[in-house]
Amino acid sequence: MKISSSIFPLVSIFSLLLISSATSSDFDDFIRCLPQQSNSSVPITDAILTPNNSTFQSIYQLRANNLRTFLSATSRPVAIITALHPSHAQAAVICAKRHDFQLRIRSGGHDFEGLSYTSDVPFVILDMFNLNSIDIDVSTETAWVQAGATTGELYYRIAEKSNVHGFPSGVCTTLGIGGHFSGGGYGFLMRKYGVSIDNVIDAQLIDANGRILNRKSMGKDVFWAIRGGGTTSFCIILSWRIKLVRVPPRVTVFTVQRTLEQGATELAYRWQQVAPKLPKDLFIRLQPEPINNGGNNKTVRVSFIGHFLGQADGLLRLMNVSFPELGLTRNDCLEMSWVESTLYWANFPNGTSIDVLLDRVQENRVFSKSKSDYYKALIPKQGLETLWQGLMDIEDIFVQMNPYGGRMEEISDSETAFAHRAGNLFMVLYGVQWSESEGGINATERYVEMSRRLYEAMARYASSNPREAFFNYRDLDIGSNESDETDFEDAQEYGAKYFRNNFIRLAKAKATIDPENFFKNEQSIPPLPH
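As a convention, each chain's residues are numbered from 1 in the sequence order in which they are written. Owing to the predicted nature of the model, reporting of local features is limited to residues with pLDDT of at least 70; listing and counting of side-chain atom pairs is limited to 80 or more, with chain, interface and lining totals taken over all residues. With hydrogens and water set aside, each side-chain value is computed from the structure's full complement of heavy atoms.

**Q** Whenever I open this one, the overall build of the protein chain confuses me. Can you help?
**A** Secondary structure elements follow DSSP: runs of H or I no shorter than four residues count as helices, runs of E no shorter than two count as strands, and numbering proceeds from the N terminus. Of the regular secondary structure elements, the protein chain holds 18 helices and 18 strands. For the protein chain, the C-alpha radius of gyration of 23 Å lies close to 24 Å, the compact-globule estimate for 530 residues. Based on the C-alpha atoms only, the size of the protein chain along its principal axes is roughly 70 × 55 × 50 Å. In short, Shrake-Rupley with a 1.4 Å probe defines the accessible areas, and a residue's cover is counted only from the protein chains shown. For the protein chain, the exposed surface amounts to about 20300 Å²; the carbon and sulfur share of it is 46%. Seen as two clouds, the 51 positive and the 57 negative side-chain charges of the protein chain have centres 5 Å apart. Each radius of gyration reported is based on C-alpha atoms, and the globular scaling rule is 2.2 Å times the count of residues to the power 0.38. Within this scheme the basic residues Lys and Arg register as positive and the acidic residues Asp and Glu register as negative, but His and the chain ends are omitted. A charged residue contributes its charge at one atom only: NZ of Lys, CZ of Arg, CG of Asp or CD of Glu.

Okay, here's the thing in structure tokens:
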């Protein structure tokens, strides 16, 4: 989908308005401060973009992935620092703090509410995209991955060195590692190896004073917090050290599809009972989508998308015992390397070269609104029918239901800040999407309202007290603050949904590393009051 170029001059207009509101002298002082605080052989002047730069607009829009937030009335940055060296990020922190500009940190630009590239107060974007080195050490089965690298690049670099190693992370291949890991990192290896942060063993960060800290120097409470608590409340992540995981040389994937007329409701109900209890090597996502065959001839097609850490014969034996109702056949199964399976999950056509993993920018950006749920009990068939009807009413929607169980049951909910562990059957993402041709920004209110209506219709079946949500699927509907304020009571509201009983410990960690609350956004964690 192409984006109308007529809207982009607004970026510069809004930015200039912000500079005016911040006073030009503050802005000039901030710009002069940057080279004074950077000691790199790479000049920071090469990384500074202001609205006067010819590339400012294109860099801003390139990694702003949700057009709903991008095209809103929300204000734009007064500058973008496209860090080329860690000292550039340090200088951005020191100078933004000194001259009273808010700092928003962007890696891949996939924040569902655009908080990494929008704010209502004068702010600067620190863009980590160019800090994307990946150092794989197969001998120790570890890697250092910089924050600006993407999940696709990580998968590619691992495969360069080994066909029996992988990493549990997201399905989308253009996710920025910095933010994706920090909120959890959720993918098709989770039942075997947990989420990404369960396999993080060290990190480098920049604190609110511009210091670079590692696991030892940041302290155990902060290291605990950044694994699942979202780093933008605490610091800037420079890089993660991860533990690679073992995968077989060949894995098996499959997709089986059934419509409502083919018994999809019965199969979906059965999937809820089976998928969380399967052996760890097998992950089956349930993905329903509305189908419009013209007029009022609507239905829902449910896809059962599977990933098995083994070959097809073993998978078929397992499915014949555990889930025979699905009717999986040998013809449904595709055997491939693990890295090829990452392409399968990202919906690339079979046979696509793995070089596509090196494409770092999401091509087809849309207007979207997403919400998430955790389910601790089966959705009855009546509830499934409510969901199907909601899909058919909205049409421009996708739903993903991801099973728990396995390794996710074994890790304590206090082991890391990621608290959604035992007791969950599956997690659901509801995503409403629309294009410019379907009304663009003018259709936002209608589509957002439809997403909220479906979400409310499913409330009786989802988790409650609180109704839990996944931090990486950010949703401002569940509670928020103003851009430059972090009221503790408001933060407790969304904090309980994202982090459950871990919120207070996160607030304590915040008080340790950022007591003045420099790092903030509409859903950040405040320091625990004295």
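Now, onward.
**Q** I would appreciate a short explanation of the environment of glycine 431 in the present structure.
**A** Note that glycine 431 resides in strand 18 (residues 426-434). A simple rule labels every residue: compare its accessible area, found with a 1.4 Å probe on the protein chains alone, to the largest value its type can have, and call it buried under 20%, exposed over 50%, or partly exposed in between. Accessibility expressed as a relative area gives 0% for glycine 431, which makes it buried. For the pair glycine 431 and phenylalanine 56, spaced 375 residues apart in sequence, the C-alpha to C-alpha distance is 30 Å. Here, two residues are considered to be in contact whenever any of their heavy atoms come within 4.5 Å of each other. Contact partners of glycine 431, with chain neighbours within four places excluded, come to Lys369, Ser370, Asp396, Ile397 and Phe398.

**Q** Which parts of the structure should I look at to understand the packing of aromatic side chains?
**A** To describe a pair of aromatic rings, one takes the distance between the centres and the angle between the planes. In this analysis, rings of Phe, Tyr and Trp, with Trp reduced to its six-membered ring, are considered paired at centre separations within 6.5 Å, and the interplanar angle assigns stacked below 30 degrees, edge-to-face beyond 60, and tilted for intermediate values. Within the structure shown, the criterion is met by 25 aromatic pairs. With centroids separated by 4.7 Å and ring planes inclined at 0°, the aromatic side chains of tryptophan 434 and tyrosine 447 adopt a geometry described as stacked. On the criterion of sequence distance, the pair formed by tryptophan 434 in strand 18 and tyrosine 447 in helix 16 (residues 444-457) is long-range, its members being 13 residues apart. Grouping residues by exposure puts tryptophan 434 and tyrosine 447 together as buried. Consider the ring centre and the ring normal. A charge sits over the ring if Lys NZ or Arg CZ is within 6 Å of that centre and within 35 degrees of that normal. Seen from the ring of phenylalanine 129, arginine 63 lies directly overhead, with NZ or CZ sitting 3.8 Å from the centre. Here the guanidinium or amino end of lysine 381 rests over the ring plane of tyrosine 269, the centre of that ring lying 5.3 Å away.

**Q** Would you explain the pairing of strand 13 (residues 282-292) in this entry?
**A** The side chains of a regular strand alternate between the sheet's two faces. The element strand 13 is largely enclosed, with a buried count of eight among its 11 residues. Strand pairing is assigned whenever DSSP detects at least two bridges linking the two strands. Between the antiparallel neighbours strand 13 and strand 14 (residues 298-308) lie five residues, among them glycine 294 with a positive phi of about 105°.

**Q** How should I be thinking about the pattern of salt bridges in this particular structure?
**A** Oppositely charged side chains may form a pair once their charged atoms are brought near each other. In what follows, salt bridge is the name for a side-chain nitrogen of Lys or Arg lying within 4 Å of a carboxyl oxygen of Asp or Glu. Considering all chains together, one arrives at 34 salt bridges under this definition. Residue lysine 369 pairs with aspartate 475 through a salt bridge whose shortest N-O separation is 2.8 Å. Taken together, the residues lysine 369 in strand 16 (residues 367-375) and aspartate 475 in the loop between helix 16 and helix 17 (488-499) connect sequence positions 106 residues apart. Here the two residues lysine 369 and aspartate 475 agree in accessibility, since each one is buried. One connected set of salt bridges, linked through shared partners, spans Arg68, Glu113, Lys369, Lys371, Arg452, Asp475 and Asp477.

**Q** Sorry if this is basic, but what is going on with the pairing of strand 17 (residues 397-403) here?
**A** Counting buried positions over the seven residues of strand 17 gives six, a clear majority of the element. Bridge count for strand 17 against strand 18 is seven bridges, and the pairing is antiparallel. If you follow isoleucine 397 over to strand 18, its bridge partner there is valine 432.

**Q** Would you mind showing me how to read the confidence of the model for the protein chain here?
**A** Low-confidence regions, as indicated by low pLDDT, have predicted coordinates that should not be scrutinised in detail. When pLDDT is averaged along the protein chain, the result is 94, and 95% of the positions lie at 70 or above. Confidence per residue, as judged by the predictor, is encoded in pLDDT with a range of 0 to 100. Overall, residues 1-16 carries pLDDT values under 50, and its contacts beyond four positions in sequence, including any with other chains, amount to 31 contacts.

**Q** Looking at this structure, I do not really get the sheet that holds strand 9 (residues 212-213). What am I missing?
**A** Note on sheets: strands pair through backbone hydrogen bonds, and any given pair is parallel or antiparallel. Spatial ordering of the open sheet is given by 5-6-10-8-9, a layout of five strands whose pairing is antiparallel. Two strands lie at the open edges of the sheet, namely strand 5 (134-137) and strand 9, each paired on one side alone. Pairing of strand 8 (residues 200-206) with strand 10 (residues 236-243), which is carried by six bridges, proceeds in the antiparallel orientation. Each bridged residue has a counterpart across the sheet, and for isoleucine 206 the counterpart in strand 10 is isoleucine 236. In the packing of helix 5 (residues 86-98) onto the sheet, the strands contacted are strand 8, strand 9 and strand 10, and the crossing angle to strand 8 comes to about 55°. To obtain each axis, a line is fitted to C-alpha atoms, and for helices this fit is confined to the stretch in contact; angles are then taken between N-to-C directions over 0 to 180 degrees.

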